[in-house]
Amino acid sequence: MASVVLEHVTKRYGSVEAVHDVNLNIKDQEFLVFLGPSGCGKTTTLRMVAGLEELSDGDIFIGSENVSQKPPKDRDIAMVFQNYALYPHMTVYENMAFGLKLRKTPKSEIDRRVKEAAEILGLGQLLTRKPKELSGGQRQRVALGRAIVREPKAFLMDEPLSNLDAKLRTQTRVELKNLHRRLGATIIYVTHDQTEAMTMGTRIVVMRDGLVQQVDTPDNIYNKPANQFVATFVGTPAMNLIRGTLETQGDQRFFHVGTQSIALPPAIAHACSDLLNNNLTIGIRPEDIFLHNYPETTAVLKAMIQVIEPMGHENIVYLDLEGQPLTVRTDNSWEAKVGETVNMAINLPRLHAFDPATELSLLYS
């Protein structure tokens with residue numbers, strides 16, 4: 001396996017810049033995930049690494065070699081696509097072996113690699129079957145096996161689980177994590193599914209409109225978002241954003257939302273010192289708002305219940321706070337009715353703060 005480095009990688013289609021100045025150092029054996037909405041540039045970036053798209057600017061290195069001008073076949077990578085692209089007239093064994101045969105790999109080496117990959121992926125009993133005799137999950141494993149037998153420097157995966165149902169996606173996510181651990185592989189993975197990104201990636205690259213928003217561990221992406229887009233894109237339900245104004249009273253700073261206010265923690269109060277117009281957006285995740293059994297570290301505001309969604313083990317509650325919508329997760333022992341005004345307690349140590357003008361986090365460094 002090998003490291004993959006992107007230096008100032010840019011892609012233009014005429015006057016449209018689909019990917020802007022991406023700089024990344026993907027470590028050997030890392031599982032790096034590109035995450036973002038449709039059209040953000042993540043697949044285009046992956047295709048440039050694969051050599052399927054030409055670079056407009058920049059360089060790509062695989063290992064120590066600059067591959068920017070090399071065709072895909074000379075980059076020593078293996079790609080797994082959203083559609084399995086299996087040959088219907090070939091058996092599982094023949095599909096997995098086909099690429100090696102084209103490279104004139106000796107038959108004994110082909111047999112060794114195919115059987116080893118089949119063992120890793122649990123395909124040993126299926127080698128004589130054809131794709132039409134396989135389930136969706138089995139076909140995806142064959143596509144993975146075809147990549148594994150190449151023994152490439154890096155695996156590139158473009159939304160490989162999107163055609164699977166929810167149960168199979170969960171199962172295959174686990175298999176991919178185990179596969180990464182077992183192979184010690186360098187994997188670059190593209191998805192719009194935050195669950196896939198959070199559960200599989202050692203690091204996540206969040207993209208929007210061709211720009212990298214944040215590169216970090218899943219834990220930091222969730223708990224220390226760099227801006228409002230990352231904060232609201234990652235997490236279900238999304239982080240609540242509350243707009244308000246600041247007021248200084250003595251040595252304390254207060255956040256006002258409508259007729260209500262809370263005293264800000266010292267770290268946020270200090271971070272707000274350079275804000276213009278005393279406007280502030282605070283962020284708080286749904287699990288960090290309490291409708292009962294408040295911790296001591298909370299500040300209480302009043303809000304009106306708009307909708308209650310029972311989810312079995314918990315309720316998702318939609319509130320109106322001075323004309324601003326909020327979402328709260330609460331356990332199913334809590335009882336209230338739509339239209340009631342309730343106390344909602346914000347867990348202050350879990351508060352985020354954003355500059356309303358730039359949408360950047362005031363706490364991110």
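Presented here is an overview of the structure given in this document. (Residues numbered from 1 in each chain as written. Predicted model: local features only at pLDDT ≥ 70, side-chain atom pairs only at ≥ 80, totals over all residues. Heavy atoms only, no water.)

Looking now at the overall build of the protein chain. Along the protein chain, the regular secondary structure elements total 9 helices and 20 strands. With respect to the three principal axes, the spread of C-alpha positions in the protein chain is 80 × 45 × 35 Å. When burial is assessed residue by residue, the protein chain has 49% of its 365 residues classed as buried. Restricting the contact set of the protein chain to residue pairs at least 6 apart, pairs at least 24 apart contribute 66%. Split by element, the accessible area of the protein chain, about 17,400 Å² in all, is 49% carbon and sulfur. (Helix = DSSP H or I, 4+ residues; strand = E, 2+ residues; numbered from the N terminus. Buried < 20%, exposed > 50% of the residue type's maximum accessible area, 1.4 Å probe, protein only. Contact = heavy atoms within 4.5 Å. Areas by Shrake-Rupley, 256 points an atom, 1.4 Å probe, with all protein chains shown as cover.)

The contact between helix α2 (residues 92-102) and helix α3 (residues 107-121) brings their axes to 10 Å, and the two run at 135 degrees. Here α2 is positioned oblique relative to α3, judged by the angle of their axes. Two packed elements cross with a definite hand, and for α2 against α3 that hand is right-handed. Contact residues: α2 offers Tyr 93, Met 96, Ala 97, Leu 100 and Lys 101, while α3 offers Ile 110, Asp 111, Arg 113, Val 114, Ala 117 and Ala 118. (Axes fitted to C-alpha atoms, helices over the stretch in contact; angles between N-to-C directions. Parallel < 35°, antiparallel > 145°, perpendicular 65-115°, else oblique. Left-handed = near helix turned anticlockwise from the far one by under 90°.)

If you trace the 4 strands from one edge of the open sheet to the other, you get β2-β1-β4-β5, paired in antiparallel fashion. Edge strands, defined here as strands with exactly one partner in the open sheet, are β2 (16-26) and β5 (65-66). Together, β1 (4-13), β2 and β4 (57-62) form the strand contacts of helix α1 (residues 42-50), whose direction differs from that of β1 by roughly 115 degrees. (Pairing = 2+ DSSP bridges.)

Moving on, we come to the sheet that holds strand β19 (residues 341-347). Here we have 5 strands laid out as an open sheet, ordered β15-β19-β16-β17-β18, and antiparallel in their pairing. The sheet is open, and its two edges are formed by β15 (289-290) and β18 (324-331), each paired on a single side. Taken together, the 2 bridges between β15 and β19 define a ladder with antiparallel strand orientation. Bridge assignment links Phe 290 to a residue of β19, and that residue is Ala 345.

Counting residues in each nonpolar core, the largest one holds 45 residues, and the members touching the most others are Met 96, Phe 155, Met 157, Leu 176 and Tyr 189. The contacts of Met 157, once residues within four sequence positions are left out, are Leu 46, Val 80, Leu 144, Leu 176, Ile 187, Ile 188, Tyr 189 and Val 190. Formed by 31 residues, the second largest nonpolar core is a distinct cluster that contains Cys 272, Leu 275, Leu 291 and Leu 351. (Core = buried A, V, L, I, M, F, W, Y, C linked by side-chain atoms within 4.5 Å.)

Our next topic: the layout of surface pockets. Taken as a whole, the largest pocket encloses approximately 570 Å³ of empty space. If you go around the largest pocket, you meet 19 residues; those closest to its centre are Ile 77, Met 79, Gly 99, Arg 146 and Arg 150. If you list the elements that add at least two residues to the lining of the largest pocket, you get β6 (77-80), α2 and α4 (136-148). Element by element, the count of residues in the lining of the largest pocket is highest for α2, at 4 residues. Taken as a whole, the second largest pocket holds about 260 Å³ of empty space. In terms of lining residues, the second largest pocket is bounded by 17 residues, among which Asn 223, Lys 224, Leu 351, His 352 and Leu 363 are the most central. Every element with two or more residues in the lining of the second largest pocket is listed here: α7 (218-223) and α9 (266-271). Tallied by class, the residues present in the lining of the second largest pocket amount to 9 nonpolar, 5 polar and 3 charged. (1 Å grid on protein atoms, 1.4 Å probe; cavity = no way out; pocket = protein on both sides within 12 Å on 5 of 7 lines; lining within 4 Å. Points joined across faces, edges and corners; volume = space filled by probe spheres on them. Nonpolar A, V, L, I, M, F, W, Y, C, P; charged D, E, K, R; others polar.)

With that settled, the discussion passes to the pattern of salt bridges. Inspection of the entire model under this criterion finds 16 salt bridges. With a closest N to O distance of 2.5 Å, Glu 30 and Arg 203 form a salt bridge. Taken together, the residues Glu 30 in the loop between β2 and β3 (31-35) and Arg 203 in strand β9 (residues 203-208) connect sequence positions 173 residues apart. Classification of Glu 30 as buried rests on a relative accessible area of 7%. With its nearest N and O atoms 3.1 Å apart, the salt bridge here joins Arg 112 to Glu 116. (Salt bridge = Lys/Arg side-chain N within 4 Å of Asp/Glu carboxyl O.)

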